[in-house]
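# Per-entry structural report
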Amino acid sequence: MAYDFQVTQDSADPHTLADWWAETLGWQVEPSDEAFIRRMVDEGHATESQTRTYNGVLVWREGAAIRHPDGPERAPRVLFQLVPEEKTVKNRMHLDVRVGTDDVDEVVGRLTARGAKFLHNGRQGPYTWVTLADPEGNEFCVSPSA
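Rules of the game
Numbers given for residues are sequential positions, taken from 1 along each chain in its written order. With pLDDT at 70 or above as the cut-off, local features in this predicted model cover only qualifying residues; side-chain atom pairs require 80 or more to be listed or tallied, and sums for whole chains, interfaces and linings still use all residues. In computing side-chain properties, one takes all heavy atoms of the structure into account and sets aside hydrogens as well as water. Secondary structure counts use DSSP, requiring at least four H or I residues in a row for a helix and at least two E residues in a row for a strand, with both numbered from the N terminus. Relative accessible area decides the class of each residue, using a 1.4 Å probe on protein chains only: under 20% of the type maximum gives buried, over 50% gives exposed, and in between gives partly exposed. DSSP-based pairing: two strands are paired if at least 2 bridges between them are found. Polar contact is defined as a pair of N or O atoms within 3.5 Å, subject to the rule that within protein one atom must be able to donate a hydrogen and the other to accept it, and that residues adjacent in sequence are counted only when both atoms are side-chain atoms. Any two residues having at least one pair of non-hydrogen atoms within 4.5 Å are treated as being in contact. Here a patch means residues that are over 30% exposed by relative accessible area and free of salt bridges, tied together within 9 Å if like-charged and within 5 Å if nonpolar (Val, Leu, Ile, Met, Phe, Trp, Tyr). To measure how exposed things are, a 1.4 Å probe is used in the Shrake-Rupley method; for residues, cover is taken only from the protein chains shown. Just to be clear on terms, a salt bridge is a Lys or Arg side-chain nitrogen sitting within 4 Å of an Asp or Glu carboxyl oxygen. In this tally Asp and Glu are treated as negative and Lys and Arg as positive; neither His nor the chain ends contributes. Charge positions come from single atoms, namely NZ of Lys, CZ of Arg, CG of Asp or CD of Glu. Cavities and pockets are defined on a 1 Å grid built over the protein atoms alone: a cavity is a set of grid points where a 1.4 Å probe fits but cannot escape, while a pocket is an open set with protein on both sides within 12 Å along at least five of seven lines, and lining residues are those with an atom within 4 Å of any such point. Grid points are joined across faces, edges and corners, and a volume is the space filled by probe spheres set on the points. Three classes are used: nonpolar for Ala, Val, Leu, Ile, Met, Phe, Trp, Tyr, Cys and Pro, charged for Asp, Glu, Lys and Arg, and polar for all others, with Gly counted as polar.

By the naming in an unreviewed UniProt entry, the chain is VOC family protein, taken from Plantactinospora solaniradicis.

Okay, here's the thing in structure tokens:
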């Protein structure tokens, strides 16, 4: 049996990082269900301290998710979850952002202008990529294709 999965990224500020990645990928931040959150608090299944207001919307404090505009059938959901510790070492797994026919240097320029940090250029045979870090220091690569 094949399983579905989501990608989960530890984060110091899940909602801000979800916004950054949604814009980076052209994806959508999953909308908050404020009525559900309020009901969970009212029924005692959650506490007010587990929520926060972000951009004027009641959200879960612990996480935010993004999804491909064509839905979960197109690509796995990415969840950003709150963790207390800062990132200290290189990721053991990362995202490769494939930009197709878009100019990699232009994409890298836009991303660094929005807070990504250039780390290095890579090459293996005919394949090239640029390794960056997102605003929280998580490494990812930008390349034209696989």
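## Re the environment of E86
Structurally, E86 is set in the loop between strand 6 (78-82) and strand 7 (95-98). A relative accessible area of 69% means that E86 is categorised as exposed. With 63 residues separating them along the chain, E86 and E23 place their C-alpha atoms 23 Å apart.

## Some thoughts on the pairing of strand 9 (residues 127-133)
Moving residue by residue along a regular strand, the side chains alternate between the two faces of the sheet. Taken together, the seven bridges between strand 8 (residues 117-124) and strand 9 define a ladder with antiparallel strand orientation. Looking across to strand 9, one finds that G122 is bridged to W129. Between strand 8 and strand 9, which pair antiparallel and follow one another directly, the connecting turn spans two residues, one of which, G125, has a positive phi of 60°. Looking at chain direction, strand 9 and strand 10 (residues 139-143) are connected through four bridges and run antiparallel. Residue T131 lies in a different strand from strand 10, and its bridge partner there is C141. Joining the antiparallel neighbours strand 9 and strand 10 is a turn of five residues, in which G137 adopts a positive phi near 95°.

## So, the side chain of H68
For H68, the location among the structural elements is in the loop between strand 5 (63-67) and strand 6. In terms of polar contacts, H68 uses its side chain to reach the backbone amide nitrogen of D70, at 2.9 Å. Leaving out residues up to four positions away in the same chain, H68 has contacts with W27, R74 and A75.

## Focus: a negative patch on the surface
On the surface, a cluster of negative charge is made up of D102, D103, D105 and E106. Here D102 shows up in the loop between strand 7 and helix 3 (104-113).

## A short note on the layout of surface pockets
Its boundaries defined by the atoms lining it, the largest pocket holds a volume of some 850 Å³. Put simply, the parts of the chain that give the lining of the largest pocket at least two residues each are strand 1 (7-11), helix 1 (14-25), strand 6, strand 7, helix 3 and strand 10. Across the lining of the largest pocket, the residue classes tally to 17 nonpolar, seven polar and ten charged.

## Concerning the pairing of strand 3 (residues 51-54)
The sheet contact formed by strand 3 and strand 4 (residues 57-60) spans four bridges and is antiparallel. When the sheet's bridge partners are listed, T53 is paired in strand 4 with L58. Linkage of strand 3 to strand 4, two consecutive antiparallel strands, is achieved through a turn of two residues, within which N55 is found at a positive phi near 50°.

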